[in-house]
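# Coordinates in review
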Amino acid sequence: MIENIIRSLVQKAADAQLIDELDKVYATNRVLALLQLESLSTQPEQLLDDSIPNLLNKLVQFAIETKVIDDVFDDKEILSATIMNCFVARPSAVNKKFQLHYQNSPKEATDYFYALSKNSNYIQMNRIAKNIQFKSTTVYGEMDITINMSKPEKDPEQIKRESQLTRKVDYPNCVLCIENEGYAGRTGYAARANHRMIEVPLGNEKWYLQYSPYVYYNEHSILLAKEHRDMKISQHTFERLLLFIEKFPHYFIGSNADLPIVGGSILNHDHYQAGRYDFSMTHAASACSFSLEQFPTISASILDWPVTTIRLQCDEIEPLVTAATHILSTWQQYRDEQGDIVPFSGDIPHNTITPIARMRDSKFELDLVLRNNRTTDEHPLGIFHPHADVHHIKKENIGLIEVMGLAVLPARLKEELQDIKQFLLGKENTVAPYHMEWAQQLKHSYGTLSNREQVDGIVEKELGNKFAKVLGDTGVFKSLEDGQRFIHALNK
């Protein structure tokens with residue numbers, strides 16, 4: 001049986017164009033060595049009709065049963081990535097092939113690299129399939145809701161091993177450093193033997209394109225700096241984002257903010273996130289248009305979107321960068337105590353921007369999301385952070401992906417929402433205490449229901465409304481009048 005699995009995996013890798021026909025014997029022998037097998041029988045092949053991730057899982061299970069590895073999370077991850085590395089070309093070859101495809105079109109190049117990243121199992125498609133995803137219609141359009149079920153649970157032995165680590169290893173410096181490419185992994189650090197990156201020159205620097213191993217949307221990619229340095233929103237950020245979409249006009253690209261609370265989970269390595277997906281924010285209408293007096297070629301508006309966003313459009317990159325830099329520098333110093341906006345506490349800055357770039361109708365478009373991370377006794381996690389009344393749904397930071405209209409919600413909600421649905425159906429009340437007020441509000445609005453499908457639709461709709469409220473809490477301007485005061489500051 002194990003021989004059939006190995007042969008099947010090799011054939012699937014060939015079918016997916018990870019390897020050529022001439023590579024099959026070599027790849028087979030490399031897999032045999034990793035499984036500590038000395039030979040392969042000459043019996044007729046009985047290929048299994050299964051996916052690469054499923055065949056790979058079967059090989060890992062064989063390795064556990066034959067004591068090649070322990071049944072521990074990191075051991076399984078390391079072996080899995082190392083097996084798939086037998087089928088993935090060296091980085092130089094991958095980059096050359098990418099550039100050949102790019103000569104035909106940028107889309108053809110990213111299609112090639114995305115397929116490679118999925119077929120090599122670097123993108124964990126089996127785990128991603130566990131996520132619960134749906135769209136929910138709100139006053140701001142259709143929000144994307146994802147209950148994140150893809151993060152694997154650590155087993156007790158894995159937790160024990162990590163707790164016993166005594167030696168600090170600083171290689172790679174972080175999970176986004178280029179040194180992750182091909183890294184075998186270790187206890188407490190992800191296996192990346194099958195990981196590949198594409199070099200992308202931007203300005204006078206080299207940046208590197210990779211896909212996220214746990215994609216939240218189509219072609220969810222990461223562009224990272226070669227240098228391990230902190231996130232920093234600046235004129236250079238706007239330049240890089242716009243240069244990137246000039247190279248890859250079918251993608252959007254954005255950056256998390258560079259301050260705690262309003263930033264992403266990784267602030268110690270400069271990086272952006274990109275992809276080919278239309279978020280609800282992309283289609284947000286203009287709430288009001290305005291003129292930037294110093295920049296007559298720029299079209300500007302404040303969006304009808306819960307997170308305060310200024311949208312700029314221009315035919316050229318340079319004036320767009322200059323205008324965005326002016327808005328950033330004005331916002332960094334902007335004070336409006338009437339709206340709780342204070343730019344500094346001592347020398348600690350609070351105002352920053354989450355920028356997003358895309359092409360639209362052959363024009364360069366830049367969305368500048370205004371952020372403030374100040375905290376108070378009333379809002380210890382942040383004035384412009386999800387407030388206490390929505391913490392039962394989302395308490396974590398609101399980063400780039402959420403800002404654009406995609407909720408990434410904790411796995412606990414899978415079961416907790418089922419309890420709420422049972423409550424609405426008049427069944428046993430097992431609703432978690434922190435959801436009880438919301439559940440009672442739903443029952444008051446809709447009554448006791450008998451149709452399960454109707455209940456599913458109601459809970460999904462109301463979850464979307466909760467997420468819209470989450471985003472509204474992060475908006476720094478609560479009215480157009482607040483926005484008008486900032487526009488006045490821009491045109492001083």
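This report concerns the structure included in the present document.

Conventions adopted
Residues numbered from 1 in each chain as written. Predicted model: local features only at pLDDT ≥ 70, side-chain atom pairs only at ≥ 80, totals over all residues. Heavy atoms only, no water. Helix = DSSP H or I, 4+ residues; strand = E, 2+ residues; numbered from the N terminus. Rg over C-alpha atoms; globule rule 2.2 N^0.38 Å. Contact = heavy atoms within 4.5 Å. Areas by Shrake-Rupley, 256 points an atom, 1.4 Å probe, with all protein chains shown as cover. Lys, Arg positive; Asp, Glu negative; His and termini not counted. Charge placed at Lys NZ, Arg CZ, Asp CG, Glu CD. Pairing = 2+ DSSP bridges. Axes fitted to C-alpha atoms, helices over the stretch in contact; angles between N-to-C directions. Buried < 20%, exposed > 50% of the residue type's maximum accessible area, 1.4 Å probe, protein only. Polar contact = N/O pair within 3.5 Å; in protein donor to acceptor, adjacent residues only side chain to side chain. Parallel < 35°, antiparallel > 145°, perpendicular 65-115°, else oblique. Left-handed = near helix turned anticlockwise from the far one by under 90°. Nonpolar A, V, L, I, M, F, W, Y, C, P; charged D, E, K, R; others polar. 1 Å grid on protein atoms, 1.4 Å probe; cavity = no way out; pocket = protein on both sides within 12 Å on 5 of 7 lines; lining within 4 Å. Points joined across faces, edges and corners; volume = space filled by probe spheres on them. Core = buried A, V, L, I, M, F, W, Y, C linked by side-chain atoms within 4.5 Å.

### Notes on the overall build of the chain
Of regular secondary structure, the chain possesses 15 helices and 15 strands. The C-alpha radius of gyration of the chain comes to 25 Å, within 12% of the 23 Å expected for a compact globule of 492 residues. Contacts in the chain between residues far apart in sequence, at least 24 positions, make up 64% of those at least 6 positions apart. Accessible surface computed for the chain: about 22,900 Å², of which carbon and sulfur atoms make up 48%. Counting 52 positive and 65 negative side-chain charges, the chain places the centres of these two groups 3 Å from one another.

### Some words on the sheet that holds strand β1 (residues 132-138)
Strand order across the open sheet formed by three strands is β1-β2-β15, with mixed pairing between neighbours. A single partner strand is all that each edge strand has here, and the edge strands are β1 and β15 (406-409). Sheet twist, expressed as the mean angle between neighbouring strand axes with direction ignored, is 25 degrees. Summarising the sheet, strand β2 (residues 141-147) and β15 pair through four bridges and their orientation is parallel. Considered in β15, the bridge of I145 is made with A407. Sheet strands touched by helix α14 (residues 452-474): β1, β2 and β15. Its angle to β1, the strand with the most contacts, is close to 75 degrees.

### Here we look at the side chain of D144
By the secondary structure assignment, D144 is in strand β2. You can call D144 buried: its relative accessible area is 7%. For D144, the side chain forms a polar contact with the side chain of Y277, separated by 2.8 Å.

### Focus on the sheet that holds strand β10 (residues 309-314)
On the basis of which strands lie adjacent, the open sheet formed by 10 strands has the order β3-β4-β5-β7-β6-β13-β14-β10-β9-β8 and antiparallel pairing. Each edge of the sheet is formed by a strand with only one pairing partner; in this case those strands are β3 (198-202) and β8 (286-290). Shown here is a sheet whose adjacent strand axes are inclined to one another by a mean of 25 degrees, direction ignored. Here strand β6 (residues 252-254) runs beside strand β7 (residues 271-275); their pairing, made up of three bridges, is antiparallel. Bridge assignment links G254 to a residue of β7, and that residue is Q273.

### Side note on the packing of helix α13 (residues 433-446) against α14
Running from N to C, α13 and α14 point in directions that differ by 120 degrees, and their axes come no closer than 12 Å. In terms of axis orientation, α13 runs oblique to α14. Judged by the sense of rotation from one axis to the other, the crossing of α13 with α14 is right-handed. Packed against α13, whose contacting residues are W438, L442 and Y446, the element α14 presents I458, K461, E462, L463 and K466 at the interface. Split into classes, the residues belonging to the contact of α13 with α14 amount to five nonpolar, no polar and three charged.

### Let's talk about unusual backbone geometry
Cis geometry is adopted by the peptide bond preceding P172, which originates at Y171 and carries an omega value of -15 degrees. As for its position among the elements, P172 is in the loop between α8 (156-163) and β3. Non-glycine residue Q36 carries a positive phi angle of around 60 degrees. Mapping Q36 onto the fold places it in the loop between α2 (24-34) and α3 (52-65). Take Q36: its relative accessible area is 60%, and that puts it in the exposed class. Of note in this structure, N121 is not a glycine but carries a positive phi near 65 degrees. Following the sequence through the fold, N121 ends up in the loop between α6 (106-119) and α7 (125-128).

### Comments concerning the layout of surface pockets
Of the voids in this model, the second largest pocket is the one considered here, and its volume is about 680 Å³. L18, F87, V88, A89 and R90 are the residues nearest the centre of the second largest pocket, which is lined by 30 residues in total. Ranked by residue count, the leading element in the lining of the second largest pocket is helix α5 (residues 91-104), at five residues. Its residues assigned to classes, the lining of the second largest pocket comprises 16 nonpolar, seven polar and seven charged.

### Side note on the nonpolar core
Among the nonpolar cores identified, the biggest contains 93 residues, and F87, F244, L292 and L312 are the most heavily contacted of them. Ranked by size, the runner-up nonpolar core spans 46 residues in total, among them V369, V408, I420 and A468.

### Section: the packing of helix α12 (residues 413-424) against α14
At a minimum axis distance of 10 Å, the contact between α12 and α14 shows a crossing angle of 125 degrees. Relative to α14, the element α12 lies oblique. As α12 packs across α14, the resulting crossing turns out to be right-handed. Here L417, Q418, K421, Q422 and L424 of α12 lie close against α14, whose contacting residues are R452, V455, D456, V459 and L463. For the contact of α12 with α14, the residue count by class is five nonpolar, two polar and three charged.

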